[in-house]
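Coordinate analysis (summary)
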Amino acid sequence: MDDRGKNIRRRVNMPNADQSTTDPLLRQTQTQDENVGLKSLFVTRNRIRWYWAPVFIGLWLILYFTVAIPAFHRLPHPLNIKDEAKYPDRFIAERAEINLQKLVELGPRVVGSEANEKGAITYFHAYVQKLKSEAKYIYEIEADVQIASGSYVHWEMVNMYQNIQNFVIKVGPKNYNGTSYLLVNCHYDSVPSGPGAGDDGAMVAIMLETIRVLSKAEKPLRNPVVFLFNGAEENPLQASHAFITQHKWAKYCKALINLDSAGNGGREILFQSGPNHPWLMKHYRNAIVHPYASTVAEEMFQRHFIPSDTDFRIFRDHGKVPGLDMAHQYNGYVYHTRYDRPEILPRGSLQNTGDNVLALVREIANAHELEDTSKYSEGHTVFFDVMGSFLVFYTETEGIILNVVVCLAAIAACGYSFFQMSNCTGLKLRHVLRRSLNTFLVQVVAVLIAALLVFLMGIFMDLIHLPMSWFTHSWLILGLYFCPLFFGFAIIPALYFHYTKDDRFPMGYRVQLLLHCHCLFLSALTLLMTICKIRSAFMFTIAILFYTNSLIINLATKLHNKPMAWMIPHIICGIPPFIFYAYLSHGFFVTFIPMTGRFGASVNPDLIICAFTVGVGILTGGFMIPCLNLFRKSRTIICSLLGLTLVCLIIAATPLGFPYRPETNVQRFSILHTRRTFRDMHNEVRRVETGYYILPQDRRTYSVKNNVINMTLARPIMDDCETEMLCGLPLYNHRWHKSRASSIWIPGPEPTFDNMPVINVTSKNQISKTKLRYDFELTGPDHMGIFIRPLNEGRVIEWSFHWTPLRMEWEPPYFIYFSYGINGDPLKFWLEIEKKGGDWSKPNLEIGIGGHWNHHEDKQTPEFKKFLASFPNYVDPIAWPASYDTWIF
């Protein structure tokens, strides 16, 4: 020890207590000792002590549960009627709630039912009379009941309607002589047996309260607003088609606000805009009080990842009306069930959506763009809200520029970091770049292996008959799928680090290199998505941007040269994007988990959750999970993730992992008490069969096998699919058409009907040697399916239905969905058959008619009710009598 060291030692050992505070050299030594002690508490041999790993992981879980989830579920304080005097221009949630209660009291509002065709219309008439008596004199209020018939193509069927109804209210300034209206739409009909409080009674109630507030305002709107209460959306989408193609006010509607629901309560999400009208998003941002919007949701919906459709598509495709499509999506468990009741809808949800709709109507109705919207058709937009606090919105072109600039900046920052690593380690730059390439390949393999592990887990859960175990307890997804994903992310680099030790390249640099490679991987993915014009690429841009910021900070402060200090900016800059992704992903899981209960028996819903897990995991864990390699016992920590997976797997096999719960998380079955009658070429009955036609709506069909009466007699319908037209079933709509092969048939007693479908040939004329025309008349219940198949080399060349299937040369048999509203006038239709050989001695045509009595509970026999009662209490059977008859012509 030199003399200076001895002096220090002597001073430390001196008994004078005041010396510790007065001697600068001693004070420096004490600080160094404290730093060493503090460092040893966290770090040993340039690795973080293993027991800090749970703290590191717990940080992100705490942020998720304490920041992201509360932000998603936050609702405003609802206003009551007593608050109206204080806030005369505000939306009053209690009044909307009263509107909802009165509508639901009418009962299920199915097209053709008394509740839908008379009860609802009477209620609207009474409401309008009260509106007119209380409105300011500066407003003109008009109401109209539209009765319309028509047809169009909806996915794989012709959708035909007759005498369905719309109730329309127009509110505008008196003496208005312009031609620009704002259209606000919702639907008041509901599914069979469904109260329809969430879908779409809440939006009806909100629109009625919005009209009341507008009609009492002191300042008139610049342009009128047409409020369309359409009476046949569930059929599907018939009434919106009737309005936009036939109503007298339709041609003046220049913009749209569509209000729908796939759940009950929560905040409404804006999931479609435009298209090609960014000015709408500008006004949404200016007006909205509680923003919730996502380009990701828009692109997923438009690519049919979501098994729903809205009237927005009809207004867009058939009326060329740009607009905004908004819907409630929370608590989709009760969507289209008998549990969609008003008492479970929070009043705060009504206030949230009411505030937004009222502000948005005022904003767009006063917008100068409404006068000629074609001038402002400028391209798509990128939009998303940040924690429900504010909206970020920019054009697609600006998004492309932003993506490219951020990615190039990230690539440049990573490149400069490689150069600095070369200088600090003494390695040549080419060696660093070679190591970077190897690490990049390792990271790509890690992502692929992680994704593979997740999907294998999803397949395994299905093979052991445990799919959807997360349906009620969604936290199981963290253990079942996120843990294998993060294990894959971390274990591959950990093994690579273990088998390629290099003292000249310390672990801190190696992990930084891994993170740089993940950034480059995301940059390449972002640029590829940008080239493909996928606007959702902004999700990756955000992660790249914040990581690049942390890297720049580390480079500027030289912290990147420290073994662990660079982690501080990295974690701090990683918190904002993590919270954003956690907030957004929580919303998607809340939306999609209930939807998996209606994807059908042919789809493994766990694979859908796996896909979401991989996407979310890359964004939330891609820059954090590799940091586990900085801890002591890193491989043990990483492997412990599989221990959590094992625990969740065990829980999934217990009653806690059973997906369904009565009333709150139900299983769905569509069940028709059916009589099927098949006729031969002489129209003599060749086969009659009665029983229960069951269409499962999720993967776990077998969950009821020990409960349902005669389930042992159940047989798949595939044999009939080989011999009969469209399996010989009374398919209700295009979804049933698509899923018919998953159907189950159980023999049962005879159902009871009235007003049975009857089809008659009113005329038969040979137009030429090769062409024959049939004229038909059809009577029956208010919901029928018409199935047409030409026989013996015949071909349908013309008919009175919508022309698209023939023009597009769809493969027969053809499916025509038909319904009527206020009266049952016979449906008259014709078609022409062509046979090139002109041989008319053989049958030319087979027609099947499916009849549905879907709002006639009095037609359910005691045996049918007993059969339905045999289902477990966690099942919501959507049931009615149906018939299927074939005729040969």
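Counting restarts for each chain, with residues numbered from 1 along the sequence as it is written. Two thresholds apply to this predicted model, a pLDDT of at least 70 for residue-level local features and 80 or more for giving and counting side-chain atom pairs, whereas whole-chain, interface and lining totals are computed over all residues. Calculated side-chain values reflect all of the structure's heavy atoms, with hydrogen atoms and water omitted.

Observations concerning the overall build of the protein chain
Under the DSSP-based scheme used, a helix requires at least four consecutive residues in state H or I and a strand at least two consecutive residues in state E, with every element numbered from the N terminus. Helix and strand counts for the protein chain stand at 24 helices and 23 strands. C-alpha atoms of the protein chain, sized along the principal axes, occupy 120 × 70 × 50 Å. Partly exposed describes any residue whose relative accessible area lies between the buried limit of under 20% and the exposed limit of over 50%, with all areas from a 1.4 Å probe on protein chains only and scaled to the type maximum. Counting the 889 residues in the protein chain, one finds 60% classified as buried. Between two residues, a contact is recorded if the distance between any of their heavy atoms is within 4.5 Å. Within the protein chain, contacts between residues separated by at least 24 positions form 81% of all contacts whose residues are at least 6 apart in sequence.

As for the domain arrangement of the protein chain
You can read the domains of the protein chain as domain 1 (61-67 + 397-655), domain 2 (81-387) and domain 3 (669-888). With centres defined by C-alpha atoms, the gap from domain 2 to domain 3 works out at 34 Å. If you look at the interface, domain 2 gives 33 residues, while domain 3 gives 31 residues. In short, buried area is how much 1.4 Å probe accessible area vanishes from two parts on joining, totalled over both. Three residues stand out in domain 2 for area buried against domain 3, namely V158, M160 and Q162, and they jointly supply 25% of the buried area on that side. Any carboxyl oxygen of Asp or Glu that lies within 4 Å of a side-chain nitrogen of Lys or Arg is treated as forming a salt bridge with it. Our count for the contact surface shared by domain 2 and domain 3 stands at 1 salt bridge. Two N or O atoms form a polar contact when they lie within 3.5 Å of each other; inside protein one atom must be a possible hydrogen donor and the other a possible acceptor, and for residues adjacent in sequence the pair counts only when both atoms belong to side chains. Put simply, domain 2 and domain 3 have 17 residue pairs in polar contact (both at pLDDT 80 or more) between them. Put simply, the parts of the chain that give the side of domain 2 that touches domain 3 at least two residues each are strand 3 (139-154) and strand 4 (157-173). Each domain span listed reflects an automatic or database assignment of domains.

Comments concerning the pairing of strand 23 (residues 875-888)
The buried fraction of strand 23 is high, at 14 of 14 residues. Residues V875, P877, A879, P881, S883, D885 and W887 of strand 23 are buried on one face, and the alternating residues D876, I878, W880, A882, Y884, T886 and I888, pointing to the opposite face, are buried as well. By the bridge criterion, 11 bridges tie strand 12 (residues 667-679) to strand 23 in an arrangement that is parallel. Bridge pairing in strand 23 links R676 to Y884. Bridge analysis of strand 22 (residues 845-852) against strand 23 gives 7 bridges, and the strand direction is antiparallel. Paired with G851 across the strands is S883, a residue of strand 23. Two strands pair if DSSP finds at least two bridges between them.

Side note on the pattern of salt bridges
Under the definition given, this model contains 34 salt bridges. Here R535 ties to E298 by a salt bridge, and the two come within 2.7 Å at their closest N and O atoms. With R535 in the loop between helix 16 (507-531) and helix 17 (538-557) and E298 in helix 10 (residues 295-302), this pair connects stretches of sequence that are 237 residues apart. A residue is classified by how much of its surface remains accessible, and E298, at 1% relative accessible area, is buried. In this structure, D317 engages R316 in a salt bridge whose closest nitrogen and oxygen atoms are separated by 2.7 Å. Look at the salt bridges and you will find they share partners, linking R676, R686, R687, E689, R715, D720 and E724 into a network.

Side note on the environment of L515
Along the chain, the position of L515 falls in helix 16. With relative accessibility at 1%, the residue L515 sits in the buried group. Residues L515 and C414 lie 101 residues apart in sequence; the distance between their C-alpha atoms is 9.5 Å. In this view, L515 contacts Y547, W566, H570, G622, F623, P626 and C627; residues no more than four positions away in its chain are not counted.

Here we look at the state of the cysteines
When two cysteine sulfur atoms lie within 2.5 Å, the pair is treated as a disulfide. Going through the model one piece at a time under the given rule, you end up with 1 disulfide. One disulfide in the model links C721 with C727; its S-S distance is 1.9 Å. With the S-S dihedral at roughly 100°, the linkage between C721 and C727 falls on the right-handed side. Residue C517 stays outside any disulfide, its sulfur separated by 7.9 Å from that of C414, the closest cysteine. The cysteine C573 is free of any disulfide, with C519 supplying the nearest cysteine sulfur at 12 Å.

Regarding the packing of helix 16 against helix 17
The axes are straight lines fitted to the C-alpha atoms, using for helices just the contacting stretch, and the angles between their N-to-C directions are given from 0 to 180°. Where helix 16 contacts helix 17, the axes come no closer than 9 Å and their chain directions differ by 145°. Where helix 16 crosses over helix 17, the handedness of that crossing is left-handed. Across the interface between the two elements, Q512, L515, H516, C519, L522, S523, L525, T526 and M529 from helix 16 touch F540, T541, A543, I544, Y547, T548 and L551 from helix 17. Take the far helix as your reference; a near helix turned counterclockwise from it by less than a right angle gives a left-handed crossing, and one turned clockwise gives a right-handed crossing.

Examining the environment of N116
Tracing the backbone through its elements, the reader meets N116 in helix 6 (residues 114-134). What makes N116 buried here is its relative accessible area of 0%. It is 44 Å that separates the C-alpha atoms of N116 and T66, two residues lying 50 residues apart in sequence. If near-sequence neighbours (up to four positions away) are discounted, N116 is found in contact with R109, V110, V111, I121, Y188, D189 and G231. Within polar-contact distance, the side chain of N116 engages the backbone oxygen of G231 at 3.1 Å.

Some words on the UniProt feature "domain: Endoplasmic reticulum metallopeptidase 1-like C-terminal" (unreviewed entry) in the protein chain
UniProt positions are given in the numbering used here, feature names are shortened, and annotations may be inferred rather than shown by experiment. Feature annotation in UniProt places "domain: Endoplasmic reticulum metallopeptidase 1-like C-terminal" (unreviewed entry) on residues 664-887, given in this structure's numbering. The annotated region residues 664-887 carries 11% helix and 45% strand content, and the separation between its end C-alpha atoms amounts to 44 Å.

Side note on the pairing of strand 21 (residues 827-834)
For strand 21, the tally of buried residues reaches 6 of 8 residues, placing the bulk of the element in the interior. Alignment of strand 17 (residues 771-779) against strand 21, held across 8 bridges, turns out to be antiparallel. The residue of strand 21 that forms the bridge with F776 is F829. Pairing geometry for strand 19 (residues 795-799) and strand 21, over 4 bridges, is antiparallel. Bridge pairing in strand 21 places W799 opposite L831.

Quick word on the packing of aromatic side chains
Geometry of aromatic contacts follows a simple scheme: Phe, Tyr and Trp rings, the Trp one being its six-membered ring, pair when their centres are within 6.5 Å, and the pair is stacked under 30 degrees between planes, edge-to-face over 60, tilted otherwise. Taken as a whole and assessed by the stated rule, the structure comprises 57 aromatic pairs. Relative to W60, the ring of F56 lies with its centre 6.1 Å away and its plane at 85°, an arrangement referred to as edge-to-face. In this pair, F56 and W60 both sit in helix 4 (residues 53-73), 4 residues apart, roughly one turn of the helix. For F56, a relative accessible area of 8% puts it in the buried group. Measuring from centroid to centroid gives 5.8 Å for Y692 and F864, while their planes differ by 15°, and the two rings are stacked. Linking Y692 in strand 13 (residues 685-696) with F864 in helix 24 (residues 862-869), this pair joins segments that are 172 residues apart in sequence. For Y692, a relative accessible area of 3% corresponds to the buried category. Since its relative accessible area comes to 0%, F864 is described here as buried. Joined through ring pairs, the aromatic side chains of F482, F486, F489, F588, F589, F592 and F612 make up one cluster.

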